[in-house]
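Chain by chain, the residues run as shown.
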Amino acid sequence: MLYYFFQYLENNFDVPGTGLFQYITFRSALAIILSLLISTVFGKRIINFLRNQQVGETVRELGLEGQKEKAGTPTMGGIIIIIATLVPVLLLAKLDNIYVILLIVTTLWMGTIGFVDDYIKIFKKDKQGLKGIFKVIGQIGLGLIVGSVLYFNDGVTVRKDTAVTRVTASNTALKSMLEEKSTATTIPFFKNNEFDYAEVLSFMGDGYENWAWIIFIPVVIFIITAVSNGANLTDGIDGLAAGTSAVSVLALGIFTFVSGNIILSDYLNIMYIPNSGEMTVYIASFIGALIGFLWYNSYPASVFMGDTGSLTIGGIIAVLAISVRKELLLPILCAIFFAENLSVIIQVSYFKYTKKRFGEGRRVFLMSPLHHHYQKKGYHESKIVTRFWIVAIMLSILAIVTLKLR
């Protein structure tokens, strides 16, 4: 809203300084500052409100050190992340940008699913929360919306490959860049690193491109479901999900900025995605919200994000990666989520297999998800979190290096 207000002042009254709001970098800087202030200043009030409403965590007995002390800690803290993200976005972003609209929808959609899940756990005293089938239906619903918009909306385009290289802002060739609808994505570590999902249907003959949505939309659904569930599983000890997510989102912010900048994308020889740079404002706000939330969520946590936060975080990261055509980098960027997901799949599958074959279930890990395995081995949770953060930082740096490492 402030963006449009200052645009009006500049266009009609030529007020000095109002032109700054045209710059994504300036608005992103304001967004991260504002979201940090909201999450830290108002976060305490939200926590007190949750505590007064007796929105306390019900801790299952898992035999983990320090587990009992966490009982009664306010949960649903994801509300802090959602508010601290959306307020700066509504004030500073271009609200008619299709990517920003998708991210706002994702935040509210996944936040609602997570809120319902937390509400059932706390107020209905049902430890299982929202049934898994309903969570999956919600994730599939969001995937259908995001996939359909990205495929069918005319505002979602990419730059067509041209022979123009290393152009400057003054070069008229910039204006001749061709944009087209495409389901192409980026394959990391390869020189000719674009892959079009439509190519999977090339066996259909002429016109197969018109059916690319049959592949693209299910891929979007799968990614959103996998990443949001991964974030949900990672949210098991103080500061783990928020910290690792902030690192991953920062890397995605770099990808978004360069992909939405015609000069930088041409210099780096990566896909130019018109209007995607506006997501940088959203990302900056989201990073500020996550860091501000860590103020209260770091060990020992004063509040837990609950599914309200973890499902939202996973959904946003997935949509960001898909929108900027970097979803194939998610196994690197979100390797912590991937490892947590994989540890549960391996544990459950092996347990069922051994029970069927040998009559008793056996385990690969002392406990899953993975962070609980290290807790069982005697590591303090703050050490586990710090080391997971370090791993996340190294992998994010590797992901960023793929801009030139091919």
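Computed from a predicted structure; not experimentally measured.

The rules we used
Residues numbered from 1 in each chain as written. Predicted model: local features only at pLDDT ≥ 70, side-chain atom pairs only at ≥ 80, totals over all residues. Heavy atoms only, no water. Helix = DSSP H or I, 4+ residues; strand = E, 2+ residues; numbered from the N terminus. Rg over C-alpha atoms; globule rule 2.2 N^0.38 Å. Buried < 20%, exposed > 50% of the residue type's maximum accessible area, 1.4 Å probe, protein only. Contact = heavy atoms within 4.5 Å. Polar contact = N/O pair within 3.5 Å; in protein donor to acceptor, adjacent residues only side chain to side chain. Phe/Tyr/Trp six-rings, centres within 6.5 Å; stacked < 30°, edge-to-face > 60°. Expected span 1.5 Å × (residues − 1). Salt bridge = Lys/Arg side-chain N within 4 Å of Asp/Glu carboxyl O. pLDDT = per-residue confidence, 0-100. Patch = residues over 30% accessible without salt bridge, like charges linked within 9 Å, V, L, I, M, F, W, Y side chains within 5 Å. Areas by Shrake-Rupley, 256 points an atom, 1.4 Å probe, with all protein chains shown as cover. Axes fitted to C-alpha atoms, helices over the stretch in contact; angles between N-to-C directions. Parallel < 35°, antiparallel > 145°, perpendicular 65-115°, else oblique. Left-handed = near helix turned anticlockwise from the far one by under 90°. Nonpolar A, V, L, I, M, F, W, Y, C, P; charged D, E, K, R; others polar.

Asker: When you look at the overall build of the protein in this model, what are you seeing that I'm missing?
Answerer: The helix and strand tally for the protein stands at 14 helices and 4 strands. Here the C-alpha atoms of the protein give a radius of gyration of 22 Å, agreeing with the 22 Å that 2.2 N^0.38 yields for 406 residues. On the principal axes, the C-alpha backbone points of the protein span a range of 70 × 55 × 35 Å. Among the 406 residues that make up the protein, the fraction classed as buried is 50%.

Asker: Hey, could you run me through the environment of Gly260 in this one?
Answerer: Looking at the secondary structure, you find Gly260 in the loop between helix H7 (240-259) and helix H8 (262-268). Taking the C-alpha atoms as reference points, Gly260 and Leu150, separated by 110 residues in sequence, lie 16 Å from one another. Once you skip the residues sitting within four places of it in the chain, Gly260 turns out to touch Tyr272, Ile273, Ser276 and Gly277.

Asker: What is the right way to read the side chain of Thr186 from this model?
Answerer: With respect to the element layout, Thr186 can be found in strand E3 (residues 184-186). Here Arg325 takes part through its backbone oxygen, which lies 3.2 Å from a polar atom of the side chain of Thr186.

Asker: What is the right way to read the side chain of Ser310 from this model?
Answerer: Counting through the fold element by element, Ser310 comes out in helix H10 (residues 306-323). Those residues in contact with Ser310, other than ones at most four positions away along the chain, are Ser228, Ala231, Asn232, Asp235 and Met305.

Asker: What should I look at first to understand the packing of aromatic side chains in this one?
Answerer: Two descriptors summarise a pair of aromatic rings, namely the distance from one centre to the other and the angle between the planes of the rings. Enumeration over the complete set of coordinates arrives at 11 aromatic pairs. Arranged with centres 5.7 Å apart and planes meeting at 80°, the rings of Phe195 and Tyr197 form a pair that is edge-to-face. For Phe195, a relative accessible area of 30% puts it in the partly exposed group. Classification of Tyr197 by relative accessible area gives buried; the value is 7%. Aromatic pair Tyr197 and Phe216: ring centres 5.9 Å apart, planes at 55°, arrangement tilted. Here Tyr197 is found in the loop between strand E4 (194-196) and helix H6 (213-234), whereas its partner Phe216 is found in helix H6, with 19 residues between them in sequence.

Asker: So what exactly am I meant to see when it comes to H10 here?
Answerer: The α-helix winds at 3.6 residues per turn, so residues separated by three or four positions along the chain end up facing the same way. For H10, built from 18 residues, the straight-helix expectation of 26 Å at 1.5 Å per residue is met to within 8% by its first-to-last C-alpha distance of 26 Å. Burial of H10 is extensive: 18 of the 18 residues sit out of reach of the surface.

Asker: Is there a simple way to think about the pattern of salt bridges in this case?
Answerer: In total, this model carries 7 salt bridges according to the counting rule given. The partner of Glu278 in a salt bridge is Arg27, with the nearest N and O atoms 2.5 Å apart. With a gap of 251 residues between them, Glu278 in the loop between H8 and helix H9 (279-297) and Arg27 in helix H2 (residues 24-52) connect regions that are remote in the sequence. By the burial criterion, Glu278 is buried, and Arg27 matches it. Among the ionic pairs, Arg362 bridges to Glu360, the shortest N-O distance being 4.0 Å. What emerges from the salt-bridge pattern is a single network uniting Asp117, Lys121, Lys135 and Asp307.

Asker: I'm lost on unusual backbone geometry in this one. Help?
Answerer: Negative phi is the rule for most residues except glycine; trans is the rule for most peptide bonds. The omega torsion across Tyr299 and Pro300 is -10°, close enough to zero to call that bond cis. Residue placement: Pro300 occurs in the loop between H9 and H10. Even without a glycine there, the phi angle at Arg325 is positive, about 60°. Checked against the element boundaries, Arg325 lands in the loop between H10 and helix H11 (330-333).

Asker: Can you walk me through the confidence of the model for the protein in this structure?
Answerer: Do not read the predicted coordinates in detail wherever pLDDT is low. The share of residues in the protein with pLDDT of 70 or more is 92%, and the mean pLDDT across the chain is 89. Overall, residues 162-170 carries pLDDT values under 50, and its contacts beyond four positions in sequence, including any with other chains, amount to 15 contacts.

Asker: How do you make sense of H7 when you look at a structure like this?
Answerer: Across its 20 residues, H7 extends 29 Å between first and last C-alpha, which sits within 8% of the 28 Å expected from 1.5 Å per residue. With 17 of its 20 residues buried, H7 lies for the most part within the structure.

Asker: Even after reading the chapter, I still don't get the environment of Arg45, so can you show me in this structure?
Answerer: Among the structural elements, Arg45 can be located in helix H2. On the accessibility criterion, Arg45 (58% relative accessible area) is exposed. Note: C-alpha distance between Arg45 and Ile80 (35 residues apart in sequence) is 9.9 Å.

Asker: What is the right way to look at a nonpolar patch on the surface in this model?
Answerer: There is a patch of nonpolar side chains on the surface, built from Phe338, Leu342, Ile345, Ile346, Tyr350, Tyr353, Phe358 and Val364 and spanning about 730 Å² of accessible area. Relative to the elements of secondary structure, Leu342 occurs in helix H12 (residues 335-358). Look at Leu342 and you get partly exposed, because its relative accessible area is 35%.

Asker: How do you make sense of the packing of helix H4 (residues 98-123) against H10 when you look at a structure like this?
Answerer: The description of two helices packed together rests on the angle between their axes and the distance between the axes. Following both chains from N to C, one finds H4 and H10 inclined at 155°, their axes separated by 7 Å at the closest point. What the angle tells us is that H4 and H10 run roughly antiparallel. For H4 against H10, the interelement crossing comes out right-handed. Along its contact with H4, which presents Tyr99, Leu103, Thr106, Thr107, Met110, Gly111, Ile113, Gly114, Phe115, Asp117, Asp118 and Lys121, the element H10 presents Gly306, Asp307, Thr308, Leu311, Thr312, Gly315, Ile316, Val319, Leu320 and Ser323. Broken down by class, the residue content of the contact of H4 with H10 amounts to 9 nonpolar, 9 polar and 4 charged.

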